[in-house]
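Summary of the model geometry
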Amino acid sequence: MELIKKSILVLDDVIGVTQVSQLLKYANSVEFNRAVTVGEIITKEKNNHRVTKNFPLSRLSGSLSNVHWYNFIANKFKNSILTFQESFPYYHFNKINNMEILKYENNGYYKYHIDEGENLNRILSCILLLNNDYEGGELCFYDQINKKEITIDKKVGRMILWPSNFLFPHAVKPVTKGTRFSVVIWAS
Amino acid sequence: MGQLKKDFKFKIIKNFLDDNERRLIKNYCTSYHINNQNNFDISQNNNGDTSKYSDPLMESLLLCKLSKIQEESGLKLLPTYSFWRMYTKFADLKPHKDRPSCECSVTVQIASDGTKWPIKIDGEEIILEDGDAALYWGTEVEHSREEFLGDYQSQVFLHYVDANGPFKEYIYDKRVFAGIDLEKNINF
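All of the points below concern the structure found in this document. (Residues numbered from 1 in each chain as written. Chains lettered and ligands numbered in written order. Predicted model: local features only at pLDDT ≥ 70, side-chain atom pairs only at ≥ 80, totals over all residues. Heavy atoms only, no water.)

1. Focus on the state of the cysteines
Counted according to the given criterion, the structure contains 0 disulfides over all chains. Cys126(A) carries a free sulfur, and the closest cysteine sulfur to it, the one in Cys140(A), is 17 Å from it. Cys29(B) supplies the cysteine sulfur nearest to Cys64(B), a cysteine that is in no disulfide, at a spacing of 15 Å. Residue Cys64(B) is classed as exposed on the basis of its relative accessible area, which comes to 61%. (Disulfide = S-S within 2.5 Å. Buried < 20%, exposed > 50% of the residue type's maximum accessible area, 1.4 Å probe, protein only.)

Now the structure itself:
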């Protein structure tokens, strides 16, 4: 039963080396906020489920550099969706809900969770890896059917797409050295 | 080539765009940029910034400014093509000379966030204000820009050739006329 593994699409070299390097430079120049979990928003209490910083990318941003990177990544994401739909034609893309640059510093992590939830209309999730000069920080999925963990190797410019639903709990393992940068996208 | 062409390597044209032209084109470029998820220049620009060859508005500007550029250059000119770009943070312009269609080139600063960003022409640094232009001989004079540290700067290049010079066959960049994409040249 390889359904879970086969439903996680891994695409390499989605963005050129030069543009990844420029995006990383941009990420290093902006101010990040502490990222929260949906649980924290609901309970209004901090938890230790996630130690991450985020920076929103949006085409409604007042910064045209921010808008550029949103649109540039959206273009790559939409192309990747076409590949995803070759295997899963019943997925119909509606819109990008959110896009963020994530920064995991030393000891940063995100415990197992799923992206879909009440009031969260997320159907497809995506991560774009921007660097690999850090230790730890692996993106892992838990295959609940086979009771095993699937680890995605770190590769610059690699894009990973998967359904946001309860079949795909995933985590980012603690970063033990360096800083991990990625872009995350949720779509419906 | 005309005699006057040898008199200077470049010249600054203050207020090349009047206020109405500048506002119109600024708003157009901003709107285009916000909506652009298809036209990214990854071959000549490190950020893959929003750019457009033969944009209808810029091609109109190319034609409208012909007499002004003839006056400034002292040459009878033929229009070749226009190209505009929304430069964003950390963009640069590597030192280069242009192709024959760019014999007489005009770089026009449409709008910016106010960050000074010198263009180096023939080794000399020039700072333009919004609405200003620099005229230079693109095929002969090396030009470049260091890394941009601001948020945005929209710029349009207007290109012409000497009507009596060696590149006169590059009129309209060898298209049937101005305002059409190269790849659509024979399919309209």
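More follows now that the structure is in view.
2. Some details on the pattern of salt bridges
Counting across every chain of the model gives 17 salt bridges over all chains. Note that Asp12(A) is salt-bridged to Lys155(A), the shortest N-O span being 3.5 Å. A residue pair is termed long-range when its members are at least 10 positions apart, and Asp12(A) in the loop between β1 (9–11) and α2 (17–29) and Lys155(A) in the loop between β10 (148–152) and β11 (159–163) qualify at 143 residues. Residue classification places Lys155(A) among the partly exposed residues on the basis of a relative accessible area of 34%. Between Arg175(B) and Glu59(B) there is a salt bridge, with the nearest N and O atoms lying 2.8 Å from each other. Placement of the pair is Arg175(B) in the segment after β10 (152–162) and Glu59(B) in helix α2 (residues 56–64), with a sequence separation of 116 residues. Each of the two residues, Arg175(B) as well as Glu59(B), counts as buried. Residues joined by salt bridges that share partners form a network here, namely Asp12(A), Lys155(A) and Arg158(A). (Salt bridge = Lys/Arg side-chain N within 4 Å of Asp/Glu carboxyl O. Helix = DSSP H or I, 4+ residues; strand = E, 2+ residues; numbered from the N terminus.)

3. A few points about the sheet that holds strand β3 (residues 77–88) of chain B
Residue and element names in this part refer to chain B. If you trace the 6 strands from one edge of the open sheet to the other, you get β1-β8-β5-β10-β3-β2, paired in antiparallel fashion. Each of the sheet's edge strands pairs with one partner strand only, and the pair in question is β1 (10–13) and β2 (51–53). In this sheet, neighbouring strand axes are inclined to one another by 15° on average, regardless of whether the strands run parallel or antiparallel. Bridge count between β2 and β3: 3 bridges; the pairing is antiparallel. When the bridges of β3 are listed, Lys52 appears paired with Trp84. Against the sheet, α2 makes contact with β3, β5 (104–112) and β10, and its axis sits at roughly 135° relative to β3, the strand it touches most. The sheet strands contacting helix α3 (residues 66–73) are β1, β3, β5, β8 (133–136) and β10, and the helix crosses β3 at an angle near 100°. (Pairing = 2+ DSSP bridges. Axes fitted to C-alpha atoms, helices over the stretch in contact; angles between N-to-C directions. Contact = heavy atoms within 4.5 Å.)

4. Comments concerning the layout of surface pockets
Quantified by volume, the largest pocket comes out at close to 670 Å³. Around the largest pocket, the lining is made up of 24 residues, and of these Asp41(B), Gln44(B), Tyr53(B), Phe83(B) and Arg85(B) lie nearest the centre. Among the elements of the structure, β2, β3, β4 (93–96) and β10 of chain B are those that each provide at least two residues to the lining of the largest pocket. Approximately 490 Å³ is the volume found for the second largest pocket. Where the lining of the second largest pocket is concerned, the elements lending two or more residues are α3 (38–43), β5 (96–104), β6 (109–113), β12 (170–172) and β14 (180–187) of chain A. Considered class by class, the residues forming the lining of the second largest pocket number 14 nonpolar, 10 polar and 6 charged. (1 Å grid on protein atoms, 1.4 Å probe; cavity = no way out; pocket = protein on both sides within 12 Å on 5 of 7 lines; lining within 4 Å. Points joined across faces, edges and corners; volume = space filled by probe spheres on them. Nonpolar A, V, L, I, M, F, W, Y, C, P; charged D, E, K, R; others polar.)

5. Some points on the interface of chain A and chain B
Counting from both sides, the interface comprises 20 residues of chain A and, opposite them, 24 residues of chain B. With both sides pooled, the region where chain A packs onto chain B buries about 1800 Å², and carbon together with sulfur makes up 49% of that total. Note that Lys25(A) is salt-bridged to Glu147(B), the shortest N-O span being 2.3 Å. Between chain A and chain B we count 20 residue pairs in polar contact (both at pLDDT 80 or more) in total. Looking at the side of chain A that touches chain B, the elements that each hand over two or more residues are α2 and α4 (64–87) of chain A. Broken down by element, the side of chain A that touches chain B gets its largest block of residues, 11 residues, from α4(A). (Buried area = accessible area lost by both parts, 1.4 Å probe. Polar contact = N/O pair within 3.5 Å; in protein donor to acceptor, adjacent residues only side chain to side chain.)

6. A closer look at the packing of α4(A) against helix α1 (residues 19–35) of chain B
In the contact formed by α4(A) and α1(B), the axes pass within 8 Å of each other and the chain directions differ by 35°. Note on element contacts: α1(B) touches α4(A) through Thr30(B), His33(B), Ile34(B) and Asn35(B), opposite Leu64(A), Val67(A), His68(A) and Asn71(A). Tallied by class, residues from the contact of α4(A) with α1(B) come to 3 nonpolar, 5 polar and no charged.

7. A closer look at the packing of α2(A) against α4(A)
Residue and element names in this part refer to chain A. Interhelical geometry of α2 versus α4 gives an angle of 140° and a closest axis separation of 12 Å. With respect to each other, α2 and α4 are oriented oblique. Crossing of α2 over α4 shows left-handed handedness. Contact with α2, carried on its side by Gln19, Gln22, Leu23 and Tyr26, involves Ser65, Asn66, Trp69, Phe72 and Ile73 of α4 and no other residues of that element. Grouping the constituent residues of the contact of α2 with α4 by class yields 5 nonpolar, 4 polar and no charged. (Parallel < 35°, antiparallel > 145°, perpendicular 65-115°, else oblique. Left-handed = near helix turned anticlockwise from the far one by under 90°.)

8. What to know about a nonpolar patch on the surface
All names here are of chain A. Together, Ile114, Phe166 and Leu167 line one region of the surface with nonpolar side chains, adding up to about 260 Å² of accessible area. By the secondary structure assignment, Leu167 is in the loop between β11 and β12. Overall, Leu167 belongs to the partly exposed group, its relative accessible area being 31%. (Patch = residues over 30% accessible without salt bridge, like charges linked within 9 Å, V, L, I, M, F, W, Y side chains within 5 Å. Areas by Shrake-Rupley, 256 points an atom, 1.4 Å probe, with all protein chains shown as cover.)

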